[in-house]
Amino acid sequence: MPELPEVEVVRRGLVTAVAGRTVSDVQVLHTRPVRRHPGGPEDFAQSLVGRTFAEPKRRGKYLWLPFADGDALLAHLGMSGQFRLDGQEQPLPPHCRVMFGFTDGGPQLRFADQRMFGGLAISPGGADAPAELAHIALDLLDPELDLSVLAARIRTRSSGIKRVLLNQEIVSGIGNIYADESLWLAKLHYDTPADRLSRAKVIELLQAAHQVMTAALAAGGTSFDSLYVNVNGSSGYFERSLNAYGREGLPCLRCGRPMVREPFMNRSSFRCPSCQRSPRRDAVRG
DNA sequence: ACTATATCCTGTATGC
DNA sequence: TGCATACAGGATATAG
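Residues numbered from 1 in each chain as written. Chains lettered and ligands numbered in written order. Predicted model: local features only at pLDDT ≥ 70, side-chain atom pairs only at ≥ 80, totals over all residues. Heavy atoms only, no water.

(A) Representation of the sheet that holds strand S5 (residues 81-86) within the structure. What the four strands build is an open sheet, ordered S1-S6-S7-S5; its pairing is antiparallel. The outermost strands of the open sheet, each flanked by one partner alone, are strand S1 (23-28) and S5. Mean inter-strand twist for the sheet, computed between neighbouring axes without regard to direction, equals 15°. In terms of strand pairing, strand S6 (residues 96-102) meets strand S7 (residues 108-113) through four bridges, oriented antiparallel. Bridge pairing in S7 links Val98 to Phe111. On the sheet, helix H1 (residues 4-18) packs against S5, S6 and S7 and is oriented at approximately 30° with respect to S5. Along the sheet face, helix H2 (residues 40-48) touches S1 and S6 and points at about 165° away from the line of S1. (Pairing = 2+ DSSP bridges. Helix = DSSP H or I, 4+ residues; strand = E, 2+ residues; numbered from the N terminus. Axes fitted to C-alpha atoms, helices over the stretch in contact; angles between N-to-C directions. Contact = heavy atoms within 4.5 Å.)

Shown next, in the form of structure tokens:
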């Protein structure tokens, strides 16, 4: 599942793949991935012809590919989205949804997406800061992020801390995997009310999230090739380096107690029942 | 404004 | 073998 580190790996791949290249033709093979483009699939394809890409940008899990004319191609990988750079003669990747050809006759840019939670749209005037992303908060790797301001904001919420971490309007880029990893590092239960955490604890948690995503990014550079992110979790990084996610029944790498999996927001949360205790439940159980 | 849940999607794994 | 169900989960619409 692409979260911030995986999306950044894709962004870096796209820099060399598209910057300076001019679109010659676009084919929309499935309309769903362009559902957020206001003009519809035909307009999407037509309006891109003749545009020249600049350097791709990212905020949280969103990508945007600016054009020299000031507009941008906005992209989200969702659960299973991939950008591929393939020669025209190469067979289409599975679940290929949109193809971009270039005037230089070089490799095509192909957007594949099995589950189609991802999508593409044109953002008018969005080269510097797409208006569509106004509600998306800065991510932890953004140099403009103010950790103090973020910590204070988090501590105003009564929701469980994991809900807050996953809320892209508060801090962006964190998904289910890195949320669990960060909470494990900070020894926090996912349902701890955010407004019951000390400022120091919130800072510790955010630093843990920063650390785990930075490490993942470093590993991602080696275990993914330039334009392919394995969304099914079989990459080396996920197998080797996760401390919490997916470790149901396996010993906690700190204390040895078996890790547990619990339903959470239509997905799962993994935690150590000993290192990451619930204040709410402890209060009830006594 | 804040909080919580349902929904979209399809391939894989599992149970009967 | 076939059918049904659970699961993976990011973002958003909707309800409270």
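(B) The sheet that holds strand S8 (residues 119-123), seen in detail. Taken together, the four strands give an open sheet; going across it, the order is S2-S3-S4-S8, and neighbouring strands pair in antiparallel fashion. Single-partner strands in this sheet number two, and they are strand S2 (57-59) and S8. Each strand axis lies, on average, 25° off the axis of its neighbour in the sheet, ignoring direction. Taken together, the five bridges between strand S3 (residues 62-66) and strand S4 (residues 72-76) define a ladder with antiparallel strand orientation. By the bridge assignment for S4, Leu63 is matched with Ala75.

(C) Just the protein's contact with DNA strand C, in detail. As a structural note, the neighbourhood of DNA strand C is formed by 17 residues, with His76, Met79, Arg115, Phe117 and Tyr245 the closest of them. Considering DNA strand C, the proportion of its atoms within 4 Å of the protein that are sugar or phosphate atoms stands at 60%. Within the backbone of Asn176, a nitrogen or oxygen atom sits 3.1 Å from a phosphate oxygen of DNA strand C. Contacts to DNA strand C include Ser268, whose side-chain N or O atom sits 2.9 Å from a phosphate oxygen. A class-by-class count of the residues in the surface near DNA strand C yields five nonpolar, seven polar and five charged. (Near = heavy atom within 4 Å. Polar contact = N/O pair within 3.5 Å; in protein donor to acceptor, adjacent residues only side chain to side chain. Nonpolar A, V, L, I, M, F, W, Y, C, P; charged D, E, K, R; others polar.)

(D) Region of interest: the pattern of salt bridges. This model, assessed by the stated rule, comprises 13 salt bridges. Where salt bridges share partners, they join Glu8, Arg11, Arg12, Glu55, Arg58 and Asp139 into one cluster. (Salt bridge = Lys/Arg side-chain N within 4 Å of Asp/Glu carboxyl O.)

(E) The arrangement of the domain arrangement of chain A in detail. Taken domain by domain, chain A consists of domain 1 (4-133) and domain 2 (147-285). Of note, the centres of domain 1 and domain 2, computed from C-alpha atoms alone, are 30 Å apart. (Domains from an automatic or database assignment.)

(F) View of the protein's contact with DNA strand B. Every residue close to DNA strand B is listed here: Arg32, His95, Gln114, Arg115, Met116, Phe117, Arg157, Ser158, Ser159, Arg163 and Asn266. Within 4 Å of the protein, atoms of DNA strand B come from sugar and phosphate in 70% of cases. Within the side chain of Gln114, a nitrogen or oxygen atom sits 3.2 Å from a sugar or linking oxygen of DNA strand B. Arg163 has a polar side-chain atom sitting 2.7 Å from a phosphate oxygen of DNA strand B. Taken together, the residues of the surface near DNA strand B sort by class into two nonpolar, five polar and four charged.

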